[in-house]
Amino acid sequence: MTTPTERPGWQARVADARAGREAASRTRVRRSVSHRDGARCKVDGQSLLNFCGNDYLGLSQHFAVVNALQEAASREGAGGVASHLVCGHHEMHDALERELADWLEAPAALLFGSGFLANLAVLQSLLDEDAVCVQDRLNHASLIDAARLSGCRLRRYPHGDPEGAIRQLRSLPEGLAMLATDGVFSMDGDVAPLRQLALVAKVQKAMLYVDDAHGVGVVGPEGRGSVAEARLGVAEVPLQLATLGKALGGYGAAVVGDADLVGHLAETARPYLYTTALPPAQAAATLAAVKLARADHWRRTKLQELVGRFRDRALRVGLELMDSDTPIQPVMCGADAQALAMSQALEDAGYWVAAIRPPTVSEGRARLRVTLSALHGPGDIDGLVDALAYARDRATPRDPARVPQPVE
Ligand SMILES: Cc1ncc(COP(=O)(O)O)c(C=O)c1O
């Protein structure tokens, strides 16, 4: 037997990768929150106003949501116990699935442990080596990884470009086809041109799958998301993803849409079959959150007012924004080190805004991903804009190794 003397050690690989990240201002560290109170949180003993979470409607700490969680956990326990098809499926899951399907005007819904898992499930169970999946270049990492794992032919088109999508589909006319896009783009905050993409999908006989992780609860009539906002339904978008951990303030995800497709996922999707069910108490909490998201229109109205206020003031002081009217309002910084320096200056002033750098975004497109929540007030927005302008003018990149860096 030959000895693999040439095989590199994993320690060297890890050390090299770390050195590369340090040299490029791309190390990532976790920050531990010791307490959350509305939009404020305590980090390393300092109280910070949080402008980088996804709790858009401010439901994660809502009394009714927390109460539902506690109540259900005290009756049913804390865990999921088993996978859904063994003995983990609970009436609370059924109730939440029915509520989500009713809200999003679809025949069926299926719960997953997370949005990442749900995307893996949809693509793996519907696509194989003969299939093609066409995706927006800025789609979430989970959609890209899902296509790779399915083994299908993956093609990407320029961001928000239906012409690009149709070109890609035309170039691969054989095999089952899926056109997959984020509804609201997680790092840019803009909305996909869903009506045009629906037309492309129809002409090319492709299934349109919309990952609306950041849209459901926030945009569209009754907060029904970007698909409803585009006046589309199950006929045009047979499946869509709603995450439960963002606007709905909980954890997990649901794939919502055509009953046959949802049934197919429930019986064949590996990330559904071979994982523990979402704890029923979490489903009960999200059920309470969905009811609030449906009824409390004021949360979306307030968010829209805050978005308008932020954009007006930020543009007035010359900050570079993106073309977004959702609560995701990136402030462009260019260089990674500048984004980190601004993030640190904001933290010194009491604001928490994560610096987002490649590979999460493209080279030269580092940014502060500002996110707004119904928990914020107008004064919070004004203070943040002042601090952003100050940070842009005064922050100078420091030794990246010494700057605590928010994780993305
Ligand atoms: C567009 C998009 N899809 C999917 C996900 C994954 O969702 P989850 O956090 O529930 O795994 C995210 C989360 O960041 C996202 O932004």
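Treat the numbers as computed from the prediction; the structure is a model and nothing was measured. (Residues numbered from 1 in each chain as written. Predicted model: local features only at pLDDT ≥ 70, side-chain atom pairs only at ≥ 80, totals over all residues. Heavy atoms only, no water.)

Asker: What should I look at first to understand the pattern of salt bridges in this one?
Answerer: Note on pairing: side chains with opposite charge can pair once their charged atoms come close. Considering all chains together, one arrives at 19 salt bridges under this definition. Between D44 and R31 there is a salt bridge, with the nearest N and O atoms lying 2.8 Å from each other. Taken together, the positions of D44 in the loop between strand 2 (40-43) and strand 3 (46-50) and R31 in the loop between helix 1 (10-23) and strand 1 (33-37) put the pair 13 residues apart, joining distant regions of the chain. Judged by relative accessible area, which is 59%, D44 ranks as exposed. Of the charged contacts in the structure, one is a salt bridge between R294 and E222, with a shortest N-O distance of 3.3 Å. Note that R294 is positioned in helix 12 (residues 280-295) and E222 in the loop between strand 8 (207-211) and helix 9 (225-229), a separation of 72 residues in sequence. You can call R294 buried: its relative accessible area is 15%. What you see here is one network of salt bridges that share partners, running through E99, D102, E105, E222, R224 and R294. (Salt bridge = Lys/Arg side-chain N within 4 Å of Asp/Glu carboxyl O. Helix = DSSP H or I, 4+ residues; strand = E, 2+ residues; numbered from the N terminus. Buried < 20%, exposed > 50% of the residue type's maximum accessible area, 1.4 Å probe, protein only.)

Asker: Please clarify how the packing of aromatic side chains should be interpreted in this entry.
Answerer: For the coordinates displayed, the defined rule picks out 2 aromatic pairs. Relative to Y351, the ring of F51 has its centre 6.2 Å away and its plane inclined at 40 degrees; by these criteria the two rings are tilted. Residue F51 is found in the loop between strand 3 and helix 2 (63-76), and its partner Y351 is found in strand 12 (residues 351-352); the two are separated by 300 residues along the sequence. You can call Y351 buried: its relative accessible area is 14%. With centroids separated by 5.4 Å and ring planes inclined at 65 degrees, the aromatic side chains of F112 and Y272 adopt a geometry described as edge-to-face. Remark: Y272 occurs in helix 11 (residues 270-273) and F112 occurs in strand 4 (residues 108-112); sequence separation between them is 160 residues. The class for F112 is buried, based on a relative accessible area of 2%. (Phe/Tyr/Trp six-rings, centres within 6.5 Å; stacked < 30°, edge-to-face > 60°.)

Asker: How should the domain arrangement of the protein chain be read in this particular structure?
Answerer: Interface size is commonly expressed as the accessible area that is lost once the parts come together. Splitting the protein chain by domain gives domain 1 (27-57 + 297-394) and domain 2 (63-295). Counting residues at the interface gives 20 residues for domain 1, matched by 21 residues for domain 2. Summed over both partners, the interface of domain 1 with domain 2 comes to about 1,600 Å²; 57% of that surface belongs to carbon and sulfur atoms. On the domain 1 side of the interface with domain 2, the three residues burying the most area are L57, H297 and R300, jointly 29% of the side's total. Taken together, the connections running from domain 1 to domain 2 amount to 1 salt bridge. For D188, the salt bridge identified is with R367, shortest N-O distance 2.7 Å. Inspection of the region where domain 1 meets domain 2 yields 10 residue pairs in polar contact (both at pLDDT 80 or more). (Domains from an automatic or database assignment. Contact = heavy atoms within 4.5 Å. Buried area = accessible area lost by both parts, 1.4 Å probe. Polar contact = N/O pair within 3.5 Å; in protein donor to acceptor, adjacent residues only side chain to side chain.)

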